[in-house]
Amino acid sequence: MSLLLPILLTLFFLFGAEKSSAQTDAQPLVFQPTLEESTRVRAIAQPVAQTLLRTIREELTHALAKEGPVGAISVCQIQAPALTQQVRDQARPPGAVFSLKRTSNRLRNPADAPDPAERQALQIYLEAEARHESLPPDLLQKVVTEGKTTYRYYQPIRVAALCLSCHGDPATLSSGVKTLLRERYPQDQAVGYKDGDFRGLVVVGLTPP
Ligand code: HEC
């Protein structure tokens, strides 16, 4: 009897410790979806990614023409809840899209940092770019985290002339833009791009369709 308590305590700590370390180390398993899964996921996610990128571009074009780059600086965000919500609401079937994000290997907003599955996707695009190959038009992943399956749909984002007043060569940025970037994004890495460069990925997260 006097031995039972220490044994129970030891067991508790062993299993307790094992469980918590398994939780913190939980890495997602990333698979290539089957052709059939890809077709279903793409049908839902492709229009969502396209609408999002088109809307940001249109709003930027408007704001740049009206207010110049300093006035337009807050437009290049998808955190803007109204826009994200609107794009998600339009997706069919309703509720299938649970997340919308842009990410990059050269971040402006640290909140856009890639998670492990997104890092794998970025790596594929960065390697293609480094080899001067054409970039895949999209990429799909089946992600299993702690037994739960979700899908990710990615589309590359490229830099266009329109983007250069805020993401171009630092020597050509206006002093107003530079000051704002320094204040709001002290660790900004998203400058120095040229027209046509790979800028990052739009990521649509889906529940199994
Ligand atoms: C008027 C300035 C401005 C212009 C023009 C602009 N951006 Fe941005 N961009 C920003 C700012 C500011 C952020 C950080 C937004 C935030 O805090 O969420 C950003 C963030 C991003 C991100 C998210 C990843 C990250 O680094 O945080 C991507 C991708 C991006 N921009 C791509 C583009 C592309 C492509 C264009 C051209 C079509 C463009 N931007 C034009 C200011 C601009």
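The structure reproduced in this document is the subject of the present report. Since the structure is predicted, the reported quantities are computational estimates derived from the model, not experimental observations. (Residues numbered from 1 in each chain as written. Predicted model: local features only at pLDDT ≥ 70, side-chain atom pairs only at ≥ 80, totals over all residues. Heavy atoms only, no water.)

**Quick word on the site of the ligand**
Within the structure, the ligand sits among 24 residues, and Cys 76, Asp 112, Cys 163, Cys 166 and His 167 are positioned closest to it. Between the ligand and Asn 109 there is a distance of 2.9 Å, counted from an oxygen atom to a side-chain nitrogen or oxygen. Between the ligand and Arg 199, the relevant distance is 2.8 Å, taken from an oxygen atom to a side-chain nitrogen or oxygen of the residue. Element by element, the count of residues in the shell around the ligand is highest for helix H2 (residues 35-72), at five residues. Considered class by class, the residues forming the shell around the ligand number 12 nonpolar, five polar and seven charged. (Near = heavy atom within 4 Å. Polar contact = N/O pair within 3.5 Å; in protein donor to acceptor, adjacent residues only side chain to side chain. Helix = DSSP H or I, 4+ residues; strand = E, 2+ residues; numbered from the N terminus. Nonpolar A, V, L, I, M, F, W, Y, C, P; charged D, E, K, R; others polar.)

**So, unusual backbone geometry**
What is expected of a backbone is that most residues other than glycine have negative phi and most peptide bonds are trans. Although it is not a glycine, His 132 adopts a positive phi angle of roughly 60°. Residue position: His 132 is located in the loop between helix H4 (116-130) and strand E3 (139-145). The class for His 132 is exposed, based on a relative accessible area of 74%. (Buried < 20%, exposed > 50% of the residue type's maximum accessible area, 1.4 Å probe, protein only.)

**Section: the side chain of Arg 102**
By the element assignment, Arg 102 lies in strand E2 (residues 97-103). Buried charged residue Arg 102 carries no salt bridge. Nearest counter-charge: Asp 112, at 5.1 Å. A polar contact is formed between the side chain of Arg 102 and the backbone oxygen of Cys 76, at a distance of 2.9 Å. (Lys, Arg positive; Asp, Glu negative; His and termini not counted. Salt bridge = Lys/Arg side-chain N within 4 Å of Asp/Glu carboxyl O.)

**Considerations on the sheet that holds E2**
The strand order E1-E3-E4-E5-E2 describes an open sheet built from five strands, whose pairing is antiparallel. Of all the strands in the sheet, just strand E1 (29-31) and E2 have a single pairing partner and so form its edges. Between one strand and the next, the sheet's axes are offset by a mean angle of 25°, whatever the strand orientation. In terms of strand pairing, E1 meets E3 through three bridges, oriented antiparallel. Bridge pairing in E3 places Leu 29 opposite Val 144. (Pairing = 2+ DSSP bridges. Axes fitted to C-alpha atoms, helices over the stretch in contact; angles between N-to-C directions.)

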